[in-house]
Amino acid sequence: MNNNRQNEDSALHVTNGVSSAHDGMTSQSRKRFTRKNKPQSVRHLYAGILEGSRLDLAKGITLIESILPNDKQAAQQLLLQLLPHSGNSIRIGITGVPGAGKSTFIEAFGLLLAQLGHKVAVLAIDPSSSITGGSILGDKTRMEELARHPSAFIRPSPTAGTLGGVHKKSRETMLLCEAAGYDVILIETVGVGQSETVVRGMVDFFLLLVLTGAGDELQGMKKGIMELVDGVVVHKADGDNLKLATKTVREYRQLLHFLQPSSPAWTTNALPVSSHQQTGLTEVWDMIQQFKELMIQTGFWKQRRQSQTKDWFHAMISDRLIDSFFSTPGKKEQVDTLEKALLANELTVSNAVECLFNE
């Protein structure tokens with residue numbers, strides 16, 4: 001990698017905001033600035049991403065996220081060229097209850113992996129962000145040490161308010177990161193509800209972060225999430241909390257013993273971890289490595305990846321059909337009219353659907 005490109009690189013990449021009406025630049029300097037930021041060719045991005053340029057990787061992801069027709073075409077060309085260089089990472093999903101310290105854990109865990117010689121990409125997924133209006137950037141900017149590490153790349157992954165967005169943008173972002181040489185992809189679920197199921201369908205290993213007091217927590221936790229995960233971390237296991245954390249680990253192990261494992265032939269385990277004291281992180285990585293070895297031996301590793309690709313394909317078909325339906329002239333207005341008729345009890349739902357498709 002050349003020095004100029006290396007100097008431009010940064011582990012944390014977000015979309016620039018809209019500039020103010022007066023930014024203090026002269027017209028000549030603005031022209032120079034604009035020339036530097038012209039869209040780059042697919043060939044340039046392809047070469048830069050394969051070289052490991054975080055700047056070109058960020059630009060490639062921005063291209064993928066664009067809704068402009070020309071950008072969509074260029075993005076697919078870029079993906080097609082990079083596809084043979086993807087798939088060589090371990091994809092780890094991380095979820096947890098509010099306050100469990102996901103960002104703190106991800107930073108400590110990511111730094112450990114970087115010190116072990118791995119390249120780590122962190123993606124945040126929040127299908128609910130457009131509904132709540134909340135920012136998904138806050139936690140990312142707190143990972144300051146990891147963001148500065150040359151072997152790390154942090155990228156929020158907006159979904160445009162739809163779960164379908166996760167299927168497309170986030171998966172394609174992951175493929176670009178793999179092509180750039182990142183061999184560990186950490187995918188954090190920021191939203192709640194369906195996001196856990198969506199991320200489970202994207203990753204090889206799914207990790208749940210919990211706090212001490214399993215009995216109280218499980219009252220508010222869906223039983224389903226426990227059957228999705230491959231490992232449980234009892235976080236903040238330090239200081240006065242260590243004794244209670246040890247007890248909580250035992251409680252989770254007892255519970256997991258009676259649940260159907262998410263992955264065949266694998267026994268889901270619970271481990272105590274303190275990100276502040278850097279304890280238990282190595283054990284978590286050892287557990288993930290053991291999982292990968294077992295899944296490869298049983299053939300389930302390849303089977304899961306293939307199943308995920310097929311699920312992604314079918315999800316994209318559904319998204320395309322919905323987009324195509326509503327882009328048909330007059331369909332949106334017809335739906336609005338039929339909705340009013342439904343609310344006035346003038347039609348049944350089945351009648352309304354028949355009206356839409358029997359034209």
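Please read all numbers here as calculations on a predicted model, not as lab measurements. (Residues numbered from 1 in each chain as written. Predicted model: local features only at pLDDT ≥ 70, side-chain atom pairs only at ≥ 80, totals over all residues. Heavy atoms only, no water.)

Below, the discussion takes up the pairing of strand β6 (residues 231-234). Here β6 shows no split at all, with Gly231 and Val233 on one side and Val232 and Val234 on the other all buried. Judged from the four bridges that link them, strand β5 (residues 205-210) and β6 form a sheet pairing that is parallel. Paired with Leu207 across the bridge in β6 is Gly231. Relative to strand β7 (residues 269-272), β6 runs parallel, the two being bridged by four bridges. Across the sheet, Gly231 pairs through a bridge with Asn269, a residue of β7. Handedness of the crossover joining β6 and β7 through helix α14 (residues 242-257): right-handed. (Buried < 20%, exposed > 50% of the residue type's maximum accessible area, 1.4 Å probe, protein only. Helix = DSSP H or I, 4+ residues; strand = E, 2+ residues; numbered from the N terminus. Pairing = 2+ DSSP bridges. Right-handed = clockwise from strand over helix to strand, strands pointing away.)

A cluster of nonpolar residues, Phe313, Ile317 and Leu321, forms a patch on the protein surface that exposes about 310 Å² of accessible area. Here Phe313 is to be found in helix α16 (residues 300-327). (Patch = residues over 30% accessible without salt bridge, like charges linked within 9 Å, V, L, I, M, F, W, Y side chains within 5 Å. Areas by Shrake-Rupley, 256 points an atom, 1.4 Å probe, with all protein chains shown as cover. Salt bridge = Lys/Arg side-chain N within 4 Å of Asp/Glu carboxyl O.)

Moving on: the pairing of β5. Counted residue by residue, β5 has six buried out of six residues, so it is predominantly covered. By the alternation rule, side chains of β5 split into Phe205, Leu207 and Leu209 and Phe206, Leu208 and Val210, which are all buried. Here five bridges tie strand β1 (residues 90-96) to β5, and the two strands are oriented parallel to one another. The residue bridging Gly96 from the neighbouring strand is Leu209, located in β5.

Let's shift gears to helix α17 (residues 331-343). For α17, which comprises 13 residues, the first-to-last C-alpha distance of 18 Å matches the rise-based estimate of 18 Å (1.5 Å per residue) to within 8%. Regarding α17, the residues found buried are Lys331, Gln334, Val335, Leu338 and Ala341. Buried residues in α17, looked at end-on, bunch into an arc of 120°, giving them a common side. Relative to its buried face, α17 has exposed residues pointing more than 90 degrees away, namely Glu333, Thr337, Lys340 and Leu343. Buried-residue contacts for α17 involve α16 and α18 (349-357). Following α17 by one or two positions, Asn345 has its phi on the positive side, about 60°. (Expected span 1.5 Å × (residues − 1). Arc of directions from axis to C-beta. Contact = heavy atoms within 4.5 Å.)

Chain-level pLDDT for the chain is 82 on average; 76% of the residues reach the 70-or-more range. Across residues 1-7, where pLDDT falls below 50, the model places 10 contacts with residues more than four positions away in sequence or in other chains. Of the regions scoring below 50 in pLDDT, residues 14-38 engages in five contacts with residues more than four places distant in sequence or in other chains. (pLDDT = per-residue confidence, 0-100.)

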